[in-house]
Amino acid sequence: MDAVAPARRHNADVDEELHERVRDVIASIPAGRVASYGDIAAIAGASTPRLVGRVLGEDGHDLPWHRVLRADGTPAPHLVHKQLELLRGEGVLADGSRVDMRVYRWRP
DNA sequence: AGACTGACATAAA
DNA sequence: GTTTATGCCAGTC
C-alpha cells in the first residue's frame, strides 16, 4: 500500500499521549491486584518499562503507584516499606519483600 | 558533543 | 534459589 507509515512523529503530542496512557493503565488496576512496569509499558505502548517508572515519579502522586511492582514482585528499594504496607491494606499479602505476582498480577 | 543516572527487564553465573 | 552484569529509553550534567 502506498499509504505512508508515520512511524515517528516529532510532535510532543505523542509523548504527552504516552504519558497519559501510562497513567490510565495504572489507574485501571483494580484494588487487590498488582502489575509490573513491563506490563504497563506493553499495554500503554511504551518502548521501555523505564518510562513507566519515570511517569510515576513525575506525576504518580494521583495514581495507585503502590499497585505497580517490578517483574519479580519486588517494589523499588526506597519504597518497599510503604509499598508492602499499602498493598497489605488492600489484601495483597507479601512474603518478606516480595509479592506473589502469579497470584496478584492483574491481567486485562 | 559525550557520559551518568534511574520507581526496569532479561540473561548469565 | 539468589546475585551480578548488560541492555533499554529518556532525561540531566
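Since the model is a prediction, treat every value here as computed from it, not as a measurement. (Residues numbered from 1 in each chain as written. Chains lettered and ligands numbered in written order. Predicted model: local features only at pLDDT ≥ 70, side-chain atom pairs only at ≥ 80, totals over all residues. Heavy atoms only, no water.)

Digging into the overall build of chain A
Line of reasoning, step 1. Of the regular secondary structure elements, chain A holds five helices and four strands.
Line of reasoning, step 2. Along chain A, from the amino end to the carboxyl end, the secondary structure elements read α-β-α-α-β-α-β-β-α.
Line of reasoning, step 3. Taking all 108 residues of chain A together, 34% fall into the buried category.
Line of reasoning, step 4. In chain A, once contacts between residues fewer than 6 apart in sequence are set aside, the share between residues at least 24 apart is 60%.
Line of reasoning, step 5. As presented, chain A carries roughly 7,400 Å² of accessible surface, and 48% of it is formed by carbon and sulfur atoms. (Helix = DSSP H or I, 4+ residues; strand = E, 2+ residues; numbered from the N terminus. Buried < 20%, exposed > 50% of the residue type's maximum accessible area, 1.4 Å probe, protein only. Contact = heavy atoms within 4.5 Å. Areas by Shrake-Rupley, 256 points an atom, 1.4 Å probe, with all protein chains shown as cover.)

Side note on the protein's contact with DNA strand C
Line of reasoning, step 1. In the region of DNA strand C, the neighbouring residues are Asp15, Ser47, Thr48, Arg50, Leu51, Arg54 and Arg98.
Line of reasoning, step 2. Here the atoms of DNA strand C within 4 Å of the protein split so that 68% fall in sugar or phosphate, with bases taking the remainder.
Line of reasoning, step 3. In this structure, a base oxygen belonging to DNA strand C sits 3.2 Å away from a side-chain N or O atom of Arg50.
Line of reasoning, step 4. Measuring from a phosphate oxygen of DNA strand C, one finds a side-chain N or O atom of Arg98 at 2.9 Å.
Line of reasoning, step 5. A per-element tally of the surface near DNA strand C places helix H3 (residues 49-59) first, with three residues. (Near = heavy atom within 4 Å. Polar contact = N/O pair within 3.5 Å; in protein donor to acceptor, adjacent residues only side chain to side chain.)

Details of the nonpolar core
Line of reasoning, step 1. By size, the foremost hydrophobic cluster in this structure holds 16 residues, and its most contacted members are Val22, Ile26, Ile29, Ile40, Val52 and Val68.
Line of reasoning, step 2. At the level of secondary structure, the elements contributing two or more residues to this core comprise helix H1 (12-27), helix H2 (37-44) and H3.
Line of reasoning, step 3. The greatest single-element share of this core, amounting to four residues, is contributed by H1.
Line of reasoning, step 4. Leu69, Leu84, Leu87 and Tyr104 belong to the second-largest nonpolar core, a separate cluster that totals eight residues. (Core = buried A, V, L, I, M, F, W, Y, C linked by side-chain atoms within 4.5 Å.)

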